[in-house]
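An overview of the molecular structure
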There are 2 protein chains.
Amino acid sequence: MTSETRQKILEAASNLFELQGYHATGLNQIVDESKTPRGSLYYYFPDGKEEIAAEAVTLRMSEAITHTYQLINQVDDPAEAIYEMIFKASQKIIEQGYCTGAPIAAIALETSNSNERIRQACAQGYEGLQDVIRAKLVLSGFSSQIAATLAATVAASMEGAMILSRTQQNPDILIQVAAQMRIMIQTASKS
Amino acid sequence: MTSETRQKILEAASNLFELQGYHATGLNQIVDESKTPRGSLYYYFPDGKEEIAAEAVTLRMSEAITHTYQLINQVDDPAEAIYEMIFKASQKIIEQGYCTGAPIAAIALETSNSNERIRQACAQGYEGLQDVIRAKLVLSGFSSQIAATLAATVAASMEGAMILSRTQQNPDILIQVAAQMRIMIQTASKS
DNA sequence: GTCTATAATAAGATAGAC
DNA sequence: GTCTATCTTATTATAGAC
């Protein structure tokens, strides 16, 4: 039942939402970009744009969570693993010419006061991402409470740094944050 | 030259941009909310919405910079000063019912690929905010380079935490980041 | 599953009067 | 400085054919 058309729509939509945000992205543009039949959009997504956005957010964040999980567990030392994760994000943003980064931040901010369904999809995505980081830290011997605080700081600083780097068209902040997160985790007490 | 009508438009616009973002905010809504004459909008802002947004961003960030400067220099110890700054932001977001926070983040993300003028206004605002934090750290004895890295991390983590707290309608991340930034600065080497 | 046509609405922007 | 009216062009969404 995993329709290919449906999947194409979600992928095109999530890319456009990352580049432009929610309200700037029209359904026509999603149809054009996805190269899917015009008549299929409301067939697969009866609730229209709202449903597409909620599903696109969920899809994008589940991909990000899987990717983060694999990346962060390639390296044993948590400080090094998190450093490399953020540093790689800085390299990706450079490659892409500073037009991407923080895939759901725009949509989260644009809809947090106007659309509960989309807001909740964003909130769940953010929570899942934090959980992966926290689990890595717990596995590395940090107490549950300290791991939670460190994970929150890593997730928040990475999200903020992506926005700042993208806006300033400069990877420096992301690179500085990567280095600082490494130091922070290295010097953190484990209990 | 400081027209009151002009000022009212900018204030209403910057509030709406914070709540809804750029593309969801219409010129009619700005006129209504600001309680200014309909015919004045294009008189004061010949370039229309783009000009309003660029000026609103500049206004909002210069206020934020002034506010941050005063707040951060009330307390001598930099770790404590930054802790209180972020903690106060968490209290404000609670008071406001999680509908505000990160005043220009949405507009920055929505326009970073489509409007150079607005993007630059956002970039300058973010830079000014970092400068205030960096200056405080330099004054506290940190080397220029370490102060820059710490300031970048504080600015990024605060921005990210505001977005996450707002999206999750929960102040925890902001409070955890406040606590962690305090530890980070306390334990940072000064050179 | 997919099509076209269109409804219904709202957007940003401009012209010309006063 | 401010007004109204209007142009142009989007938008989301639906109806009905195939």
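Scanning chain A for helices and strands turns up 9 helices and 0 strands. Dimensions of chain A along its principal axes, counting C-alpha atoms only, are 55 × 35 × 30 Å. Within chain A, counting contacts between residues at least 6 apart in sequence, those at least 24 apart form 70% of the total. Of the roughly 8,200 Å² that chain A leaves accessible, carbon and sulfur atoms contribute 49%. Treating the 15 positive side-chain charges of chain A as one cloud and the 21 negative ones as another, the clouds have centres 1 Å apart.

Residues and elements named next belong to chain B. Applying the stated criterion across every chain, the model contains 14 salt bridges over all chains. Ionic pairing is found between Glu55 and Arg6, a salt bridge with its closest N-O pair at 2.7 Å. One end of the pair, Glu55, is in helix α4 (residues 49-72); the other, Arg6, is in helix α1 (residues 4-20), and 49 residues separate them in sequence. Between Arg117 and Asp47 there is a salt bridge whose closest N-O contact spans 3.0 Å. Here Arg117, found in helix α7 (residues 116-139), pairs with Asp47, found in the loop between α3 (41-44) and α4; they are 70 residues apart in sequence, far enough to count as distant. Its relative accessible area of 32% is what places Arg117 among the partly exposed residues. Assessed through its relative accessible area of 46%, Asp47 is described here as partly exposed.

A word on the protein's contact with DNA strand D. Around DNA strand D there are 13 residues in total, and A:Leu27, A:Tyr42, B:Pro37, B:Arg38 and B:Ser40 lie nearest to it. Take the atoms of DNA strand D that sit within 4 Å of the protein: sugar and phosphate atoms are 74% of them. One of the backbone N or O atoms of A:Leu27 is found 2.8 Å from a phosphate oxygen in DNA strand D. Secondary-structure elements contributing two or more residues to the surface near DNA strand D are α2 (27-34) and α4 (48-72) of chain A together with α3 of chain B. Partitioned by chemical class, the residues of the surface near DNA strand D number 5 nonpolar, 6 polar and 2 charged.

Further remarks concern the interface of chain A and chain B. Of the residues lining the interface, 43 residues belong to chain A; the matching set on chain B comes to 43 residues. Interface area, chain A with chain B, both sides summed: about 3,700 Å², of which 63% is carbon and sulfur. Together, A:Leu109, A:Thr167 and A:Gln180 form the three largest contributors to the area buried by chain A at its contact with chain B, with a combined 17%. The tally of links from chain A across to chain B stands at 0 salt bridges. Our count for the chain A to chain B interface comes out at 12 residue pairs in polar contact (both at pLDDT 80 or more).

To continue, consider the protein's contact with DNA strand C. Taken together, 13 residues sit near DNA strand C, with A:Pro37, A:Arg38, A:Ser40, B:Leu27 and B:Tyr42 positioned nearest. Near-protein atoms of DNA strand C (within 4 Å) split between backbone and bases, with sugar and phosphate holding 73%. In this structure, a phosphate oxygen belonging to DNA strand C sits 2.8 Å away from a main-chain N or O atom of B:Leu27. Take B:Lys49: an N or O atom from its side chain is 2.9 Å from a phosphate oxygen of DNA strand C. Of all elements in the fold, only α3 (41-44) of chain A together with α2 (27-34) of chain B reach the threshold of two or more residues within the surface near DNA strand C. Among the residues making up the surface near DNA strand C, the classes are represented as 5 nonpolar, 6 polar and 2 charged.

A separate point is empty space enclosed by the protein. In this structure the tally under the stated criterion is 3 cavities of 30 Å³ or more. Estimates place the volume of the largest cavity at around 50 Å³. Those elements that provide at least two residues to the lining of the largest cavity are α1 (4-20) and α4 of chain A. When grouped by side-chain class, the residues that make up the lining of the largest cavity number 6 nonpolar, 1 polar and 2 charged. In this structure, the second largest cavity spans a volume of roughly 40 Å³. Only α1 and α4 of chain B provide two or more residues apiece to the lining of the second largest cavity. At 3 residues, α4(B) tops the list of elements feeding residues into the lining of the second largest cavity. Counted by class, the lining of the second largest cavity contains 6 nonpolar, 1 polar and 1 charged residues.

Moving on: the nonpolar core. Counting residues in hydrophobic clusters, the biggest one holds 128 residues, and the most contacted among them are A:Ile82, A:Ile86, B:Ile82 and B:Ile86. Leave out the neighbours within four places in its chain, and B:Ile86 touches B:Val154, B:Met158, B:Leu174, B:Val177, B:Ala178 and B:Met181.

To continue, consider unusual backbone geometry. Backbone geometry at A:Tyr98 places phi at a positive 65 degrees, although glycine is not the residue there. Tracing the chain through its elements places A:Tyr98 in the loop between α5 (78-95) and α6 (105-111). The backbone of B:Gln169 sits at a positive phi, close to 50 degrees, despite the residue not being glycine. Take B:Gln169: it is sitting in the loop between α8 (144-168) and α9 (172-187).

Overlaying chain A on chain B yields an RMSD of 0.0 Å, the required transformation being a rotation through 180 degrees with an accompanying axial translation of 0.0 Å. With respect to symmetry, the two chain copies, as superposed, fit the operation of a two-fold axis. Taken together, the interface assignments show that 100% of the residues at the interface of chain A recur at the interface of chain B, consistent with an identical surface on both copies.

Another point: the packing of α5(A) against helix α8 (residues 144-168) of chain A. All names here are of chain A. The interhelical angle for the contact between α5 and α8, taken along N-to-C directions, is 20 degrees, at an axis separation of 11 Å. Regarding the angle of α5 to α8, the classification is roughly parallel. In this structure, α5 meets α8 at a crossing whose hand is right-handed. In contact with Ile82, Met85, Ile86, Ala89 and Ile93 of α5, α8 contributes Val154, Met158, Met162, Ser165 and Arg166. A breakdown of the residues in the contact of α5 with α8 according to their chemical character gives 8 nonpolar, 1 polar and 1 charged.

Reading guide: rules and limits
- Residues numbered from 1 in each chain as written.
- Chains lettered and ligands numbered in written order.
- Predicted model: local features only at pLDDT ≥ 70, side-chain atom pairs only at ≥ 80, totals over all residues.
- Heavy atoms only, no water.
- Helix = DSSP H or I, 4+ residues; strand = E, 2+ residues; numbered from the N terminus.
- Contact = heavy atoms within 4.5 Å.
- Areas by Shrake-Rupley, 256 points an atom, 1.4 Å probe, with all protein chains shown as cover.
- Lys, Arg positive; Asp, Glu negative; His and termini not counted.
- Charge placed at Lys NZ, Arg CZ, Asp CG, Glu CD.
- Salt bridge = Lys/Arg side-chain N within 4 Å of Asp/Glu carboxyl O.
- Buried < 20%, exposed > 50% of the residue type's maximum accessible area, 1.4 Å probe, protein only.
- Near = heavy atom within 4 Å.
- Polar contact = N/O pair within 3.5 Å; in protein donor to acceptor, adjacent residues only side chain to side chain.
- Nonpolar A, V, L, I, M, F, W, Y, C, P; charged D, E, K, R; others polar.
- Buried area = accessible area lost by both parts, 1.4 Å probe.
- 1 Å grid on protein atoms, 1.4 Å probe; cavity = no way out; pocket = protein on both sides within 12 Å on 5 of 7 lines; lining within 4 Å.
- Points joined across faces, edges and corners; volume = space filled by probe spheres on them.
- Core = buried A, V, L, I, M, F, W, Y, C linked by side-chain atoms within 4.5 Å.
- Least-squares fit on C-alpha atoms with pLDDT ≥ 70 in both.
- Axes fitted to C-alpha atoms, helices over the stretch in contact; angles between N-to-C directions.
- Parallel < 35°, antiparallel > 145°, perpendicular 65-115°, else oblique.
- Left-handed = near helix turned anticlockwise from the far one by under 90°.

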